[in-house]
Amino acid sequence: MAEAETQGKQVKPILPFLHISDNPDEKPYLAGSKCKSCGATYLGARMACSKCFSTEPMEDVKLSDKGELHVFSIVHQSAPGIPTPYVAAIVDLPEGVSVRCNIEGVEPDPKNLKFGMPVEMYTEIVHTDRDGNDIMAFKFRPAK
Ligand SMILES: [Zn+2]
């Protein structure tokens, strides 16, 4: 039997800082790094702190899945194959981290979106790669 047939397909994150646990009961989360010297927190892995310039290894932290809509733009033209309109946004998390993302679950119209409105992260399988692995993306939607 070919080796590929013996391996189960995996769920892979679309970006390295989307953490997917081997435990299916644990929800995926955005992984961050926290500076041990000054406490500044960043999205994903970092070699050095841009606030205090410390190069000490950083602490891995789990970022909140709830935040506030900092700024948004309704995109009407995009690359071929990308459906428009959609809402491109920057969401601020309570850890002081800003995340670029899309806002879903709302009609892409400025009347439905407010700066500072509460939003929550969720994940979705967006496509399957050539090896049959599911690719997971994160998005935000208005918080319930
Ligand atoms: Zn620092």
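Residues numbered from 1 in each chain as written. Predicted model: local features only at pLDDT ≥ 70, side-chain atom pairs only at ≥ 80, totals over all residues.

Considering the overall build of the protein
Then step 1. Across its full length, the protein carries one helix and ten strands.
Then step 2. Secondary structure elements of the protein, listed N to C terminal, follow the sequence α-β-β-β-β-β-β-β-β-β-β.
Then step 3. Here the C-alpha coordinates of the protein stretch approximately 55 × 45 × 30 Å along the principal axes.
Then step 4. A total of 144 residues make up the protein; the buried ones form 17% of that total. (Helix = DSSP H or I, 4+ residues; strand = E, 2+ residues; numbered from the N terminus. Buried ≥ 20, exposed ≤ 12 C-beta atoms within 10 Å, placed from the backbone.)

What to know about the pairing of strand E6 (residues 66-75)
Then step 1. Bridge analysis of E6 against strand E9 (residues 118-128) gives three bridges, and the strand direction is antiparallel. Note that in E9 the partner of glutamate 68 across the bridge is proline 118.
Then step 2. The sheet contact formed by E6 and strand E7 (residues 86-92) spans seven bridges and is antiparallel. What sits directly across from leucine 69, in E7, is valine 91. (Pairing = 2+ DSSP bridges.)

A few points about the nonpolar core
Then step 1. Residues Leu69, Ala89, Val91, Ile103 and Phe140 are the most contacted members of the largest nonpolar core, which totals 18 residues.
Then step 2. Secondary-structure elements contributing two or more residues to this core are E6, E7, strand E8 (98-103), E9 and strand E10 (134-142).
Then step 3. When residues of this core are assigned to domains, at least three map to each of domain 1 (15-63) and domain 2 (64-125 + 138-144).
Then step 4. In this structure, isoleucine 103 is in contact with Leu69, Phe72, Val87, Ala89, Leu113, Val119, Phe140 and Arg141, ignoring residues within four places of it in sequence. (Core = buried A, V, L, I, M, F, W, Y, C linked by C-beta atoms within 7 Å. Domains from an automatic or database assignment. Contact = placed C-beta atoms within 7 Å.)

Description of the domain arrangement of the protein
Then step 1. Looking at the assigned domains, one finds that the protein contains domain 1 (15-63) and domain 2 (64-125 + 138-144).
Then step 2. The C-alpha centroid of domain 2 is placed 21 Å from the C-alpha centroid of domain 1.
Then step 3. Among the secondary structure elements, those contributing two or more residues to the side of domain 1 that touches domain 2 are strand E3 (29-34) and strand E4 (41-43).
Then step 4. Among the residues forming the side of domain 1 that touches domain 2, the class breakdown is seven nonpolar, two polar and no charged. (Nonpolar A, V, L, I, M, F, W, Y, C, P; charged D, E, K, R; others polar.)

What to know about unusual backbone geometry
Then step 1. Note that the residue after threonine 84, namely proline 85, is joined by a cis bond; omega there is -5 degrees.
Then step 2. Relative to the elements of secondary structure, proline 85 occurs in the loop between E6 and E7.
Then step 3. Phi at phenylalanine 53 takes a positive value of approximately 65 degrees, unusual for a residue other than glycine.
Then step 4. According to the C-beta neighbour criterion, phenylalanine 53 is exposed, with 10 such atoms within 10 Å.

A word on the pairing of E8
Then step 1. What you see with E8 is a clean split: Val99, Cys101 and Ile103 sit on the buried side and Ser98, Arg100 and Asn102 on the side with no burial.
Then step 2. Taken together, E7 and the strand that follows it, E8, pair antiparallel across an intervening segment of five residues, in which glycine 96 is found at a positive phi of about 90 degrees.

Some remarks on the environment of leucine 30
Then step 1. Along the polypeptide, leucine 30 turns up in strand E3.
Then step 2. Separated by 61 residues in the primary sequence, leucine 30 and valine 91 have C-alpha atoms spaced 12 Å apart.
Then step 3. With residues up to four places along the chain from it excluded, the contact list for leucine 30 reads Phe17, Leu18, Leu43, Leu63, Val99, Met121 and Phe138.

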